[in-house]
Amino acid sequence: MLYREAGQFRSTYAEDMQIFPIRQDRIALMLLLAVGFVVVPMVATQYWFSALLIPFLIFSLATLGLNILTGYAGQISLGTAAFMAVGAFMAYNAQLRIPGIPILASFAIGGLCAAAVGIVFGLPSLRIKGFYLAVATLACQFLVLWTINRVPWLTNHSASGVIAAQKIEILGYTFDTPASKYLLTLSIVALMALAAKNLMRSETGRAFMAVRDMDVAAEVIGIPMMKTKLLAFAISSFYCGVAGALYAYCYLGTVEPEAFVLDISFRVLFMVIIGGVGSILGSFLGAGFITLVPIFLNLGTTFISDRFDIEISHALVSNMELITFGGLIIFFLIVEPNGLARLWQIAKEKLRLWPFPH
Amino acid sequence: MSVALHQHPRAHPVGEVLLSVENVSLSFGGVNALTDVSFDVREHEVRAIIGPNGAGKSSMLNVLNGVYHPQKGTIRLRGKSFHDMVSHEAAAMGIARTFQNIALFKGMTVLDNILTGRNLKMRSNFLQQALWWGPARREELVHRHAVEEVIDFLEIQHVRKTPVGRLPYGLQKRVELARALAAEPKILLLDEPMAGMNLEEKQDMCRFILDVNDHYGTTIVLIEHDMGVVMDISDRVVVLDYGRKIGDGTPEEIRGNQAVIDAYLGVTH
Ligand SMILES: Nc1ncnc2c1ncn2[C@@H]1O[C@H](COP(=O)(O)OP(=O)(O)OP(=O)(O)O)[C@@H](O)[C@H]1O
Ligand SMILES: [Mg+2]
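Treat the numbers as computed from the prediction; the structure is a model and nothing was measured.

The rules behind these values
Residues numbered from 1 in each chain as written. Chains lettered and ligands numbered in written order. Predicted model: local features only at pLDDT ≥ 70, side-chain atom pairs only at ≥ 80, totals over all residues. Heavy atoms only, no water. Helix = DSSP H or I, 4+ residues; strand = E, 2+ residues; numbered from the N terminus. Rg over C-alpha atoms; globule rule 2.2 N^0.38 Å. Contact = heavy atoms within 4.5 Å. Areas by Shrake-Rupley, 256 points an atom, 1.4 Å probe, with all protein chains shown as cover. Lys, Arg positive; Asp, Glu negative; His and termini not counted. Charge placed at Lys NZ, Arg CZ, Asp CG, Glu CD. Near = heavy atom within 4 Å. Polar contact = N/O pair within 3.5 Å; in protein donor to acceptor, adjacent residues only side chain to side chain. Nonpolar A, V, L, I, M, F, W, Y, C, P; charged D, E, K, R; others polar. Donors = N, O, S within 2.8 Å, 3.2 Å for Na, K, Ca; no water. Buried < 20%, exposed > 50% of the residue type's maximum accessible area, 1.4 Å probe, protein only. Domains from an automatic or database assignment. Buried area = accessible area lost by both parts, 1.4 Å probe. Salt bridge = Lys/Arg side-chain N within 4 Å of Asp/Glu carboxyl O. Expected span 1.5 Å × (residues − 1). Pairing = 2+ DSSP bridges. Disulfide = S-S within 2.5 Å.

## Overview of the overall build of chain B
Scanning chain B for helices and strands turns up 10 helices and 10 strands. For chain B, whose C-alpha radius of gyration is 19 Å, the value lies close to the compact-globule estimate of 18 Å for 269 residues. Overall size of chain B, expressed as C-alpha extent along the three principal axes, is 65 × 40 × 35 Å. Pairs at least 24 apart in sequence give 67% of the contacts found in chain B among residues at least 6 apart. Here chain B displays about 11600 Å² of accessible surface, and carbon together with sulfur accounts for 52% of that area. Taken together, the 29 basic and 33 acidic charged side chains of chain B have centroids lying 6 Å from each other.

So, in structure tokens, the structure goes:
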């Protein structure tokens, strides 16, 4: 079906304010959800679930979280992994220490604790911007990991600091297969993405963007700076916290604090940049892209080495991965700061007018 | 320049003093931007501030809505006095403004920019918004209607979905006025709303300013360099030079004021 806006007249503001005003977008989303919930579980292998799809979804959620803060509210952060760690370890503690608590409530507690930490480390943003703020959030990264390593209570006195995620049970059903964990993750991520989309098209989202684009003007029209910035940190960290909990429960299973090193923060930041700063869709594109590139590189090099009978070392492959990411990030920062999401949008605009570009 | 002047009789005749500044002094390091300036603004009035470049006009507006904080002086609004204002509190008290260098939110559409102007009227919390539930949804719709009225009033329907960064300068100025109007302010501070516009755009802008004043009774404080415009649309004029007030009165009085003539002719004192 052609992607056309022509002929779809919206006669009321309510229609114009729908989440996806263009019919083709609504259909595409429905199809995508159908594929995600029905088709994928039928065709995917164990490996797909646990090595590809689940991490892709979890990183999409973390990227969405960072995008709310950096893309929408304009506050840079390198603390993503720390907020994820808080989410993971606090969900674990909630599950461990509160008898009979539902697992989803534990995830929410993980997210709320991350939000609280986010607010504390967001306080410097009231005074400083850009590079200096990035350094302040870096402090959060180290402080959180240090705390988890040093406070035995947080890891239930585990000698190595490693925790084992409890089993996931909802209404008597145990999520123990990769497919079931995938479906759980997908449901949570889809709902939270919907909430993010709603939030960003409401007053809160506009306040975030106003603060990002011109903070003096934002204050002058009555947007409270402190509340807005701290809310951005809180919501963003909540998303990262839930992503961290899912990372522990649906992906890793056993978790050490070192699972949340600075590398992860950077990886999520790259996903934001490549996917598209200030775009919900971009968060998914960026996460998908960065999750898939190593796999395609692997396939490609295996193919080449088989075909031409050359030995390609693992070191070379992982270096190529880094070089590819580095190159892409430079490309996007210089050529298309709004990332894949913007490229997609341009393609859609072209398609909308095709075949008559005028 | 021929523009529609105020309707006669005016729907909202000039009333009591609404806002006044008393002995305000503001300096930046060694630079005295304002020295001991006092004047008042009456309700429903169009009050112009004029003066040569660097006279302190923009600084004065910035003091009025809390962007700058004067070292000395008092600001009185509806009988309450303040040593200085806080931006978002000034907004809550009904002061809206536009800036000399357009201060729109570049990454947002015209519609979203104008909607931000109504943020103080929105009551739903972020959880309701995340769920697009009940009050949040109803509120978006109500405010969308209000914003569309402003859009119609300023004749910018055709660009409502355009990111403001892509608009030409004259239209951006108009969108900034729309954002200020969306707040339904009691007092509107306009910093050179017509600067850099061609004649036609200036006439449009003049008409909009007068219409705002006539229809909504909004009190307007306006900085403008174009003397023709100032003389045409303002009720009273304050003249600043080197941060001091050198004249204050009706356009006719200002025209005949020797100190003002000297300042504009560049006579040194
Ligand atoms: N933020 C600031 N920091 C330092 N000096 C400032 C600042 N704002 C204004 N000034 C100084 O205060 C004086 C008055 O500036 P202001 O912008 O108020 O003048 P103006 O009358 O608006 O001039 P123009 O017609 O050029 O807009 C100038 O000397 C200016 O350099
Ligand atoms: Mg000025």
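## Quick look at the site of ligand 1
Residues and elements named next belong to chain B. If you check the shell around ligand 1, you find 14 residues, and the closest are G54, K57, S58, S59 and Q100. Q100 places a side-chain nitrogen or oxygen 2.8 Å from an oxygen atom of ligand 1. The side chain of H225 places a nitrogen or oxygen atom 3.2 Å from an oxygen atom of ligand 1. Where the shell around ligand 1 is concerned, the elements lending two or more residues are strand 2 (31–42) and helix 1 (57–64). With three residues, helix 1 is the largest single contributor of residues to the shell around ligand 1. The residue inventory of the shell around ligand 1, partitioned by class, reads five nonpolar, seven polar and two charged.

## Comments concerning the coordination of the magnesium ion (ligand 2)
All names here are of chain B. Taken together, S58 (OG) and Q100 (OE1) make up the full set of protein donors to the magnesium ion (ligand 2), lying 1.9 to 2.1 Å away. Highlighted residues: S58 in helix 1 and Q100 in the loop between strand 6 (95–98) and helix 3 (110–116), separated in sequence by 42 residues. Overall, the relative accessible area of 31% leaves Q100 in the partly exposed class.

## Here we look at the domain arrangement of chain B
All names here are of chain B. Looking at chain B, the domain boundaries give domain 1 (1–94 + 185–269) and domain 2 (104–183). Computed from C-alpha coordinates alone, the two centres of domain 1 and domain 2 are separated by 27 Å. Opposite the 20 residues of domain 1 that make contact, domain 2 presents 12 residues. A buried area of about 1300 Å², summed over both sides, lies between domain 1 and domain 2, and 72% of it is on carbon and sulfur atoms. Summed over the shared surface of domain 1 and domain 2, the number is two salt bridges. Here E155 and R207 are joined by a salt bridge, their closest N and O atoms 3.8 Å apart. On the surface where domain 1 and domain 2 come into contact, there are two residue pairs in polar contact (both at pLDDT 80 or more).

## Focus: helix 5 (residues 134–153) of chain B
Note that an α-helix has 3.6 residues per turn; residues three or four places apart therefore point the same way. All names here are of chain B. With 20 residues, helix 5 should reach 28 Å at 1.5 Å per residue; the first-to-last C-alpha distance of 29 Å fits that figure. Along helix 5, the positions that sit buried rather than exposed are A136, E139, E140, H143, R144, A146, V147, E148, V150, I151 and F153. Among the residues trailing helix 5, E155 stands out with phi positive, at a value near 55°.

## Here's the deal with the pairing of strand 8 (residues 219–223) of chain B
Residues and elements named next belong to chain B. Extensive coverage of strand 8 is indicated by the burial of five of its five residues. Burial along strand 8 is two-sided: the residues T219, V221 and I223 and I220 and L222 are all buried. Of the strand pairs in this sheet, strand 3 (residues 46–50) and strand 8 are connected by four bridges, and their pairing is parallel. The partner of V46 across the bridge, within strand 8, is I220.

## What about the state of the cysteines?
All names here are of chain A. Counted by the stated rule, this structure contains zero disulfides over all chains. Here C113 stays unpaired: no disulfide links it, and the sulfur of C140, its closest cysteine neighbor, is 13 Å away. Classification of C113 by relative accessible area gives partly exposed; the value is 23%.

## A closer look at the interface of chain B and chain A
Contacts between the two partners involve 35 residues from chain B, matched on the other side by 29 residues from chain A. For the pair chain B and chain A, the summed buried surface comes to about 2800 Å²; carbon and sulfur atoms form 64% of the total. Broken down residue by residue, the surface that chain B buries against chain A is led by F105, Q129 and W132 of chain B, which jointly contribute 20%. If you look at where chain B meets chain A, you find three salt bridges. Its salt-bridge partner being E140 of chain B, residue R206 of chain A comes within 2.9 Å of it at the nearest N-O pair. Inspection of the chain B/chain A interface yields 10 residue pairs in polar contact (both at pLDDT 80 or more). Counting residues per element, the ones that place at least two in the side of chain B that touches chain A are helix 2 (87–92), strand 6, helix 3, helix 4 (126–131) and helix 5 of chain B. Among the elements that line the side of chain B that touches chain A, the one with the most residues is helix 5 of chain B, at five residues. Tallied by class, residues from the side of chain B that touches chain A come to 17 nonpolar, nine polar and nine charged.

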